[in-house]
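Geometric and topological summary
Residues per chain are reported as follows:
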Amino acid sequence: MSAIKTICAGATIVLICRIGWTQTANITNNLIFHELNQAGGLPELQNSYISGDSRGYTWIASSDGLCRFDGKNTTVYRPQIANGQMDPHVSSKVFEDLNGNLWFTTYNNLHWLNPFTDKITQFNLNAGTDPQFYAFYLEKKTDLWFVADDTLRKLNIPSGTVTNLHPLDTYVCEALVDQSGNVTGLAVPKPNNQLCGIDVISYKHNTFSKKTYFSTARQHGLPAANIIGANAESDTVLWLASSIGMIRFPLKHPSSYRIFSIGKKDRNAMYWDIVRWKGYYWVSSSPFGLCLFDQSGKILLNTARIRIENRVVDFTNLNNLFLDKNENLWVASWGNGVYFTSLNHSKFQHLLKPFDDVVLKKRPVEEVAVNKNGEVWCMIPGEGLKTFNPDYNNVIS
């Protein structure tokens, strides 16, 4: 029997009876976190971009190579440029094309890795002395969008043709994609200019237009915010990583924006990334750590510390998130490597569901355990054990 420990008093078998309390950090005791750092094969601990491929590998970008993690071992790939020197500073996620090749950028060039031969090939592109390559989207597995030399470019992989689209003096942007998989625009944060918001570029009939939101000019009646990233829910809805919270921003109805925030003020605060899971939203932040919100924006969890084996680990300086196809949540950090946990195997999804059985209502639950049949055992002080079926909707004993 694998124990799931909980600290909760009153209302239900679950941990959400008073979810707004600071005690909600104890929910993460139900998530078994693992860490991947230099002891596990990472060459260094600044790992901003995490992604996966069709074969089930996890790919982690670092400033000293591209890392492949198979669940046990880490393999590091370091590209070379034409003069034979290493070009290890990976600046993007990996993008898998129709042939299974993995494309990525370093600060100095564009590369692709053949996963069957482990060979890395540099894509030859005439660039300046400080090109700052950044790949950010693969359209229909054939057209790679990237920035280099302050120019937005698109590579058609089957033909090898690069099209220069227009000037773009940033390496942070997000593609807006319609239901057919076509890129209809870009969201371009302006993090180098404090409180200058975000530009949204729209493409139509070979022309483009631009609007600015959340800037100090307060266009559209929106507050000023330091926007440092964007995550597209669709081509009409953006999630904006910012200093005031994670902002859900519908482009067609700007005034209907919502800010997902834990409500604490910190002049150095930054909300970094968001992933959706079973109708909830995981949000990474610094210095508040990992947060969980429901769809209304209500904070369900906020933790700045986690326990790994017998250690309490600082969990405050987080950046990007990645949820793989097996429902493993990957959390990148600033200087502490990568953390991951299985949401699918933790029974956490059940802990988020209110349970209104009169047997447990207004009773403290000190311990919860799950046996191999999925039955849940609850220990109630002074009353003994109660057992529930795997769906948590019937008391067995």
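Residues numbered from 1 in each chain as written. Predicted model: local features only at pLDDT ≥ 70, side-chain atom pairs only at ≥ 80, totals over all residues. Heavy atoms only, no water.

Some points on the overall build of the chain
Assigned secondary structure in the chain consists of one helix and 34 strands. For the chain, the computed accessible surface area is about 19000 Å², with 46% contributed by carbon and sulfur atoms. (Helix = DSSP H or I, 4+ residues; strand = E, 2+ residues; numbered from the N terminus. Areas by Shrake-Rupley, 256 points an atom, 1.4 Å probe, with all protein chains shown as cover.)

What about the packing of aromatic side chains?
Following the criterion strictly, the structure yields 23 aromatic pairs and no others. Measuring from centroid to centroid gives 5.2 Å for Phe33 and Phe315, while their planes differ by 65°, and the two rings are edge-to-face. Taken together, the residues span a long stretch of sequence, with Phe33 in the loop between β1 (2-8) and β2 (34-36) and Phe315 in the loop between β28 (311-314) and β29 (318-323) at a distance of 282 residues. Note on accessibility: Phe33 and Phe315 belong to one class, buried. Seen from their ring centres, Phe315 and Tyr339 are 5.2 Å apart, and the 80° between their planes marks the pair as edge-to-face. Pair noted here: Phe315 is in the loop between β28 and β29 and Tyr339 is in strand β31 (residues 338-342), with a separation of 24 residues, a long-range link. Taking the relative accessible area as the measure of exposure, Phe315 reaches 0% and is therefore buried. By the ring-pair criterion, three or more aromatic residues cluster together here, those being Tyr213, Phe214, Phe249 and Tyr257. Note that Arg55 overlies the ring of Phe116, its terminal NZ or CZ placed 5.7 Å from the centroid. (Phe/Tyr/Trp six-rings, centres within 6.5 Å; stacked < 30°, edge-to-face > 60°. Buried < 20%, exposed > 50% of the residue type's maximum accessible area, 1.4 Å probe, protein only. Lys NZ or Arg CZ within 6 Å of the ring centre and 35° of its normal.)

Concerning the sheet that holds strand β8 (residues 102-105)
Read from one edge to the other, the open sheet built from four strands follows the order β7-β8-β9-β10, with strand pairing classed as antiparallel. Whereas interior strands pair on both sides, the edge strands pair on one side only; in this sheet they are β7 (95-96) and β10 (119-123). As defined by bridge partners, strand β9 (residues 110-114) adjoins β10 across five bridges and the pair is classed as antiparallel. Bridging across to β10, His111 finds its partner in Gln122. (Pairing = 2+ DSSP bridges.)

Thoughts on the pairing of strand β11 (residues 134-139)
Counting buried residues in β11 gives five out of six residues, a clear majority hidden from the surface. By the bridge criterion, five bridges tie β11 to strand β12 (residues 143-148) in an arrangement that is antiparallel. Of the residues in β12, the one forming a bridge with Tyr137 is Trp145.

Some points on the sheet that holds strand β20 (residues 237-242)
Backbone-to-backbone hydrogen bonds join strands into a sheet, with any given pair of strands oriented parallel or antiparallel. Taken in spatial order, the four strands line up as β19-β20-β21-β22 in an open sheet, and their pairing is antiparallel. The strands lining the two open edges of the sheet, one partner per strand, are β19 (227-232) and β22 (258-260). The sheet shows a mean angle of 25° between the axes of neighbouring strands, direction not considered. Relative to β20, β19 is paired through five bridges, and the arrangement is antiparallel. Bridging from a neighbouring strand, Ala230 pairs with Leu240 of β20. (Axes fitted to C-alpha atoms, helices over the stretch in contact; angles between N-to-C directions.)

Side note on the environment of Asp314
For Asp314, the position within the fold is in strand β28. For Asp314, a relative accessible area of 40% translates into the label partly exposed. Put simply, Asp314 and Asn336 are 22 residues apart on the chain and 9.1 Å apart in space, counted from C-alpha to C-alpha. Excluding residues that lie within four positions of it along the chain, Asp314 makes contacts with Ala304 and Tyr339. Side-chain polar atoms of Asp314 contact the side chain of Thr316, separated by 2.7 Å. (Contact = heavy atoms within 4.5 Å. Polar contact = N/O pair within 3.5 Å; in protein donor to acceptor, adjacent residues only side chain to side chain.)

Some points on the pattern of salt bridges
Summed over the entire model, instances satisfying the criterion amount to seven salt bridges. A salt bridge links Asp118 to Arg68, with the nearest nitrogen and oxygen atoms 4.0 Å apart. Pair noted here: Asp118 is in the loop between β9 and β10 and Arg68 is in strand β5 (residues 65-69), with a separation of 50 residues, a long-range link. By relative accessible area, Arg68 is classed as buried at 14%. (Salt bridge = Lys/Arg side-chain N within 4 Å of Asp/Glu carboxyl O.)

Some thoughts on unusual backbone geometry
The amide bond that connects Ser286 to the next residue, Pro287, takes the cis arrangement and shows omega of 15°. Looking at where Pro287 falls in the secondary structure, it is placed in the loop between β24 (280-286) and β25 (289-293). One non-glycine residue with positive phi stands out, namely Gln132, at about 50°. When you line up the elements, Gln132 lands in the loop between β10 and β11. In the Ramachandran plot, Phe214 falls in the positive-phi region, its phi being about 60° despite a non-glycine side chain. With a relative accessible area of 0%, Phe214 lands in the buried category.

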